[in-house]
Amino acid sequence: MSEFRMPSLGADMEAGLLVAWQKKPGDKVRRGETIAEVETDKGIIEIESFADGTLEKIVVPEGERVPVGTLLALIQTADEAATPTASAAPAVVPPASATPPPRGAPSPAVTGELVPTSSASTIPRRAVSPAARRKASELGVNVDQLPGTGPGGAVTLDDVQRAASAAPPPTAAPPPAPMTDAERAARMRQTIAAAMSRSKREIPHYYLSHTIDLEPALAWLARENERRAVTERLLYGVLLLKAVALALRETPELNAIWERDRAVTRPDIHVGTAIALRQGGLIAPALHHTDRKSLDELMAGFRDLVNRTRTGGLRSSELSDPTITVTSLGERGVEAVFGIIYPPQTAIVGFGKVVERPWSIGGQIVSRRVITASLSADHRVTDGHRGGLFLSAVERLLQEPDKL
Amino acid sequence: MTADEIRLTVLRLLGNIAPEADPARLRPNVNLRDQLDIDSMDFLNFAISLHKEFRIEIPERDYPQLATIDGCVDYVQGNGSNGKGESDK
């Protein structure tokens, strides 16, 4: 049985409100399929299954706000269904106040890594007789908080019935009201503040910038868009994203996540794209496998991501998977941006405004459209030499836009 | 389609791009990007919506003509909208 837990959808997310289940017990679920909706300060997020299987049991009902890491549901995976002799022992259900995983630690629900069965041994299990557990479930009694009078402190049926009769009659607590836009904006500000403060406190940043001749890319793009219908056109930002992704293949140390006091290079390149929200704040969801997608695929994906970031419908994997972030403030007139790394990532790339500058080519001074690319990176993981190689690779790739 | 009808449609389409904006407060001859804080993706989506609504082709080189509300109205009128866009189907 696999445990489906409240995922961590950002470095400083502590809890989420389970808004709705999209599946019911007995329904088949597929890896990557949305099975629940959770409200965070980033809006309503669609939470995806991390495995193929059958939704066995829902543990947390709709309307409850629970900490990151809390067990939400149990999923019988396809493998288990195929081999019924495999251990069918029910997973241990943590108390509602389950300690969230370390900040920045990827949630099993969003990394595709199943919780190892050995995790059961790390959570102390109360000794509870089967009858007592069944009765506790019926009466809504939390056996983890009961003093046991049985052998070895085990909770007995009498203990449960005594607790149930002593407890005040349950009253249905009204579900938490959805956040207003103002509340969500305030929460997002707090979240950004916490993440950025943590980043500045813990990550020794170094900063590099590099002015890149964008004329070849922009000229190619103008020719390309001239022959395309308006619905098929590309934005130059897509070329920048692809160049960054391909440059990361050459300098994979920058495509790393900081986990348990060390950097872990990620094999897949998922560029997070910083998208400003109209009501304030920003979110940087991932464009998955950025390096493998064509420019057209990236454009379609980017448009979809922008729309869903601003209107709702982001998926949990898009928030948890970025391996690096790209931010651009060029359209706001900024010439260069030196970003703050979003933990647990270890680098952020910035792009400024496209400006015309005198440029020397073959001894001739000509006017060229250029852009300033910057890199803020974690000095524990890389040094300026690697960062410089990365920015040089971005520049080189943008000189041959037809090969992106 | 009259100029007023086109203007109302343009304002409606802009409302889809920037729902927090009050159409009554938009100035017809001031740059939309400055009034509405829209970016390249917003502008592209707006151009696509004009294309679909008015069934007109909009080459990229014509984008500067769509910088203001007045510019949009003139552009649509000058490019022969038949007034039977997708929302009229």
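Quick caveat: nothing in here was measured; it's all calculated off a predicted structure. (Residues numbered from 1 in each chain as written. Chains lettered and ligands numbered in written order. Predicted model: local features only at pLDDT ≥ 70, side-chain atom pairs only at ≥ 80, totals over all residues. Heavy atoms only, no water.)

Asker: Where do I start with the overall build of chain A in this structure?
Answerer: A tally of regular secondary structure across chain A gives 11 helices and 20 strands. The proportion of buried residues among the 404 residues of chain A is 46%. Within chain A, residue pairs in contact and separated by at least 24 positions form 65% of the contacts whose partners lie at least 6 positions apart. Element-wise, carbon and sulfur atoms account for 54% of the exposed surface of chain A, whose accessible area totals about 19200 Å². (Helix = DSSP H or I, 4+ residues; strand = E, 2+ residues; numbered from the N terminus. Buried < 20%, exposed > 50% of the residue type's maximum accessible area, 1.4 Å probe, protein only. Contact = heavy atoms within 4.5 Å. Areas by Shrake-Rupley, 256 points an atom, 1.4 Å probe, with all protein chains shown as cover.)

Asker: In this structure, what is going on with the interface of chain B and chain A? I would like to understand it.
Answerer: How big an interface is tends to be reported as the loss of accessible area on association of its parts. Residue-level contacts link 23 residues of chain B with 16 residues of chain A. Here chain B and chain A share an interface that buries about 1700 Å² over both sides, 47% of which is from carbon and sulfur atoms. A per-residue breakdown of the area chain B buries against chain A is headed by Met41(B), Leu44(B) and Glu60(B), which together make up 34% of the total. In this assembly, chain B and chain A are joined by 7 salt bridges. Taking the shortest distance from any N to any O, the salt bridge between Arg33(B) and Glu331(A) comes out at 3.5 Å. Counting across the interface, chain B meets chain A through 13 residue pairs in polar contact (both at pLDDT 80 or more). At the level of secondary structure, the elements contributing two or more residues to the side of chain B that touches chain A comprise helix H2 (32-36) and helix H3 (40-54) of chain B. (Buried area = accessible area lost by both parts, 1.4 Å probe. Salt bridge = Lys/Arg side-chain N within 4 Å of Asp/Glu carboxyl O. Polar contact = N/O pair within 3.5 Å; in protein donor to acceptor, adjacent residues only side chain to side chain.)

Asker: Looking at this model, I keep getting lost on H3(B). Mind explaining?
Answerer: Along an α-helix, residues three or four positions apart point the same way, because every turn accommodates 3.6 residues. Residues and elements named next belong to chain B. Taking 1.5 Å of rise per residue, the 15 residues of H3 would be expected to cover 21 Å, and the 21 Å separating its terminal C-alpha atoms lies within 8% of that figure. Within H3, 14 of the 15 residues are buried, which leaves it mostly tucked inside the rest of the structure. For H3, the N-terminal capping position is held by aspartate 39, with its side-chain oxygen 3.2 Å away from the main-chain nitrogen of methionine 41. In the stretch just after H3, arginine 55 is the one whose phi turns positive, near 55°. (Expected span 1.5 Å × (residues − 1).)

Asker: Sorry, what's going on with the confidence of the model for chain B here?
Answerer: Any residue range with low pLDDT should be treated as having predicted coordinates unsuitable for detailed reading. Chain-level pLDDT for chain B is 87 on average; 90% of the residues reach the 70-or-more range. The secondary structure element of chain B with the lowest average pLDDT is H2(B), at 88, and the one with the highest is H3(B), at 95. (pLDDT = per-residue confidence, 0-100.)

Asker: Can you walk me through the sheet that holds strand E8 (residues 71-77) of chain A in this structure?
Answerer: Note on sheets: strands pair through backbone hydrogen bonds, and any given pair is parallel or antiparallel. Residues and elements named next belong to chain A. Spatially, E1-E8-E6-E3 is the arrangement adopted by the 4 strands of the open sheet, whose pairing is antiparallel. Edge strands, defined here as strands with exactly one partner in the open sheet, are strand E1 (2-5) and strand E3 (28-29). In this sheet, E8 lies alongside E1 in antiparallel orientation, the contact comprising 4 bridges. Looking across to E8, one finds that glutamate 3 is bridged to leucine 74. (Pairing = 2+ DSSP bridges.)

Asker: Please clarify how the nonpolar core should be interpreted in this entry.
Answerer: Soluble globular proteins: nonpolar side chains tend toward being buried together. In this structure, Phe390(A) and Phe46(B) are the most contacted members of the largest nonpolar core, which totals 102 residues. Broken down by element, the residue count for this core peaks at 10 residues, all from helix H8 (residues 236-250) of chain A. Each of domain 1 (2-120) and domain 3 (195-403) of chain A contributes no fewer than three residues to this core. Residue contacts for Phe390(A): discarding those within four places in its chain leaves Val244(A), Ala247(A), Leu248(A), Thr251(A), Leu254(A), Val349(A) and Leu375(A). (Core = buried A, V, L, I, M, F, W, Y, C linked by side-chain atoms within 4.5 Å. Domains from an automatic or database assignment.)

Asker: Which parts of the structure should I look at to understand the sheet that holds strand E5 (residues 43-48) of chain A?
Answerer: Within the open sheet, the 5 strands sit side by side as E7-E2-E4-E5-E16 (chain A). Their pairing is mixed. Edge strands, defined here as strands with exactly one partner in the open sheet, are strand E7 (65-67) and strand E16 (314-315) of chain A.

Asker: Would you mind going over the packing of aromatic side chains with me for this structure?
Answerer: What describes a pair of aromatic rings is the distance from one ring centre to the other and the angle between the planes of the rings. As enumerated under the stated definition, the model contains 5 aromatic pairs over all chains in all. Ring pairing ties together the aromatic residues Phe4(A), Trp21(A) and Phe50(A), which thus form one cluster. Arg380(A) extends its terminal NZ or CZ atom over the ring of Trp258(A), reaching a point 3.8 Å from the ring centre. When the ring centre of Phe43(B) is taken as reference, the NZ or CZ atom of Arg33(B) above it lies at 4.9 Å. (Phe/Tyr/Trp six-rings, centres within 6.5 Å; stacked < 30°, edge-to-face > 60°. Lys NZ or Arg CZ within 6 Å of the ring centre and 35° of its normal.)

Asker: Whenever I open this one, the confidence of the model for chain A confuses me. Can you help?
Answerer: Looking at chain A, pLDDT values average 83 and 78% of them are 70 or higher. Counting interchain partners and residues more than four positions distant, the pLDDT-below-50 stretch residues 84-125 of chain A has 61 contacts.

Asker: I keep staring at the pattern of salt bridges and nothing clicks. Help me out?
Answerer: Working definition: two side chains of opposite charge can pair if their charged atoms are close together. Evaluation of the coordinates by the stated rule reveals 29 salt bridges over all chains. Lys23(A) is the partner of Glu33(A) in a salt bridge, and the nearest nitrogen-oxygen pair spans 2.9 Å. Remark: Lys23(A) occurs in the loop between strand E2 (15-21) and E3 and Glu33(A) occurs in the loop between E3 and strand E4 (34-40); sequence separation between them is 10 residues. The salt bridge partner of Asp378(A) is Arg380(A), with a shortest N-O separation of 2.8 Å. A relative accessible area of 0% places Asp378(A) in the buried class. Counted as one network, the salt bridges with shared partners bring together Arg278(A), Arg310(A), Glu20(B), Asp39(B) and Asp42(B).

Asker: Where do I start with the packing of helix H9 (residues 295-311) of chain A against H3(B) in this structure?
Answerer: Two elements in contact, H9(A) and H3(B), have axes whose closest approach is 11 Å; the angle formed by their N-to-C orientations is 100°. Regarding the angle of H9(A) to H3(B), the classification is roughly perpendicular. Within the contact between the two elements, H9(A) uses Met299(A), Phe302(A), Arg303(A), Val306(A), Asn307(A) and Arg310(A) and H3(B) uses Met41(B), Asp42(B), Leu44(B), Asn45(B) and Ile48(B). The residue inventory of the contact of H9(A) with H3(B), partitioned by class, reads 6 nonpolar, 2 polar and 3 charged. (Axes fitted to C-alpha atoms, helices over the stretch in contact; angles between N-to-C directions. Parallel < 35°, antiparallel > 145°, perpendicular 65-115°, else oblique. Nonpolar A, V, L, I, M, F, W, Y, C, P; charged D, E, K, R; others polar.)

Asker: Whenever I open this one, the side chain of Asp321(A) confuses me. Can you help?
Answerer: All names here are of chain A. Its place among the elements puts aspartate 321 in the loop between helix H10 (316-320) and strand E17 (324-328). Arginine 266 is the oppositely charged side chain nearest to the buried, salt-bridge-free aspartate 321, at an N-O distance of 6.1 Å. Among the polar contacts made by the side chain of aspartate 321, one reaches the side chain of serine 320 at a distance of 3.3 Å. (Lys, Arg positive; Asp, Glu negative; His and termini not counted.)

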